[in-house]
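# Coordinates in review
For reference, the chains in residue letters:
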Amino acid sequence: MKVIVSDDGSATAWHEGYAESYHSRFGAVSESQLVYLDNSGLTARLTRGMPTRVLEIGFGLGLNCLLSAASARQCQTLLRYTSIEKALITQRDWAALNYAAVTQIAPECAPLQAMLSNPRENHCVMRDLNAFTQLTLHTTDATAFEFPDKAFDIVYQDAFSPSVNPELWRPAFLERLYPTLVPGGVLATYCVRGAVRRALDSAGFIVEKRPGPAGKREVLVARRAE
Ligand SMILES: C[S@@+](CC[C@H](N)C(=O)[O-])C[C@H]1O[C@@H](n2cnc3c(N)ncnc32)[C@H](O)[C@@H]1O
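Summary of the structure given here. (Residues numbered from 1 in each chain as written. Predicted model: local features only at pLDDT ≥ 70, side-chain atom pairs only at ≥ 80, totals over all residues.)

You can see Ala222 is positioned in strand S11 (residues 218-223). Overall, the presence of 26 C-beta atoms within 10 Å leaves Ala222 in the buried class. Contact partners of Ala222, with chain neighbours within four places excluded, come to Leu187, Leu200, Phe205, Ile206 and Val207. (Helix = DSSP H or I, 4+ residues; strand = E, 2+ residues; numbered from the N terminus. Buried ≥ 20, exposed ≤ 12 C-beta atoms within 10 Å, placed from the backbone. Contact = placed C-beta atoms within 7 Å.)

Following this line, the structure appears as structure tokens:
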């Protein structure tokens, strides 16, 4: 794993196996904030004091999770964050990102780092990242995960791109994300490929393109009908 400093000054990393970076090189924090926290409606819900359940596909470096937890703390609103990751980052690699130096997410870094100390496959670890956020981290292949019905208000679909990580973008996988959302729930993703939009549409989602962050014209929001 090679650490990269993105254009907004926040760190991300290059994954040699997938030959892709975990976040946008134009700004890791700014991409995560817009594409996931804001577009999914998480920021608005937490600001209004609405307890929220998020499911994330691809825990990666934990950046979406840390920013979401920090937002829950700032808004003093409960967040239950469930994330699925096939290949959990090692504690040593994660420490190299130095996210603890990012003031906004610094308080959540120590509990997250402790969670990475004993990685095991096909395992589930639960921990409070702050007084408002409980993280449940499943170290397993998302394609084998049994998604509970109507269990989440928001899904962050944050796999690597369909070219290198196709199993998480196939219609058969995407259609399983629809029933795990409550009616009116929102799936947010950076990927706007036609095949992905069509698969989400066929799964029943109401799909909408939104303006993207720096370096990306558009991103997607897909809503389960009320
Ligand atoms: C783009 S990164 C996620 C970045 C992350 N959301 C963050 O905020 O740092 C995609 C992640 O999906 C994981 N992944 C890829 N295929 C997977 C699978 N079949 N099941 C679970 N995780 C998978 C990769 O290991 C990688 O960590």
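Another point: the pairing of strand S6 (residues 123-130). Alignment of S6 against strand S7 (residues 133-139), held across 7 bridges, turns out to be antiparallel. Residue pairing across strands places Val125 opposite Leu137, the latter belonging to S7. Between the antiparallel neighbours S6 and S7 lie 2 residues. (Pairing = 2+ DSSP bridges.)

This next bit is on the nonpolar core. Core analysis: the largest hydrophobic core is formed by 64 residues, its most contacted members being Val54, Leu66, Ala69, Val155 and Leu187. The element that contributes the greatest number of residues to this core is helix H3 (residues 63-75), accounting for 7 residues. Beyond its immediate sequence surroundings of up to four residues, Val155 is in contact with Leu55, Leu177, Leu181 and Leu187. (Core = buried A, V, L, I, M, F, W, Y, C linked by C-beta atoms within 7 Å.)

Turning to the sheet that holds strand S2 (residues 11-15), a few remarks are in order. With antiparallel pairing, the 3 strands of this open sheet are ordered in space as S1-S2-S3. Looking at which strands have only one partner, the edges of the open sheet turn out to be strand S1 (2-5) and strand S3 (20-21).

A few words on the site of the ligand. By nearness alone, 23 residues border the ligand, and Gly58, Gly60, Asn64, Lys86 and Ala142 come closest of all. When contributions to the shell around the ligand are tallied by element, the ones reaching two or more residues are H3 and strand S5 (79-85). Across the shell around the ligand, the residue classes break down as 10 nonpolar, 7 polar and 6 charged. (Near = placed C-beta within 6 Å. Nonpolar A, V, L, I, M, F, W, Y, C, P; charged D, E, K, R; others polar.)

This part takes up the environment of Met1. In this structure, Met1 sits in the segment before S1. Since 17 C-beta atoms lie within 10 Å of it, Met1 is described here as partly exposed. Spatially, the C-alpha atoms of Met1 and Lys216 are 24 Å apart, while their sequence positions differ by 215 residues.

With respect to topology, 8 strands assemble into an open sheet ordered S6-S7-S5-S4-S8-S9-S11-S10, the strand pairing being mixed. The outermost strands of the open sheet, each flanked by one partner alone, are S6 and strand S10 (206-211). Averaged over all adjacent pairs, the angle separating strand axes in this sheet is 20°, with direction ignored. Pairing of strand S8 (residues 152-157) with strand S9 (residues 181-189) involves 5 bridges; the strand directions are parallel. Paired with Gln157 across the two strands is Thr189, which belongs to S9. Lying over the sheet, H3 contacts strand S4 (52-57), S5, S6, S7 and S8, oriented at roughly 175° with respect to S5. (Axes fitted to C-alpha atoms, helices over the stretch in contact; angles between N-to-C directions.)

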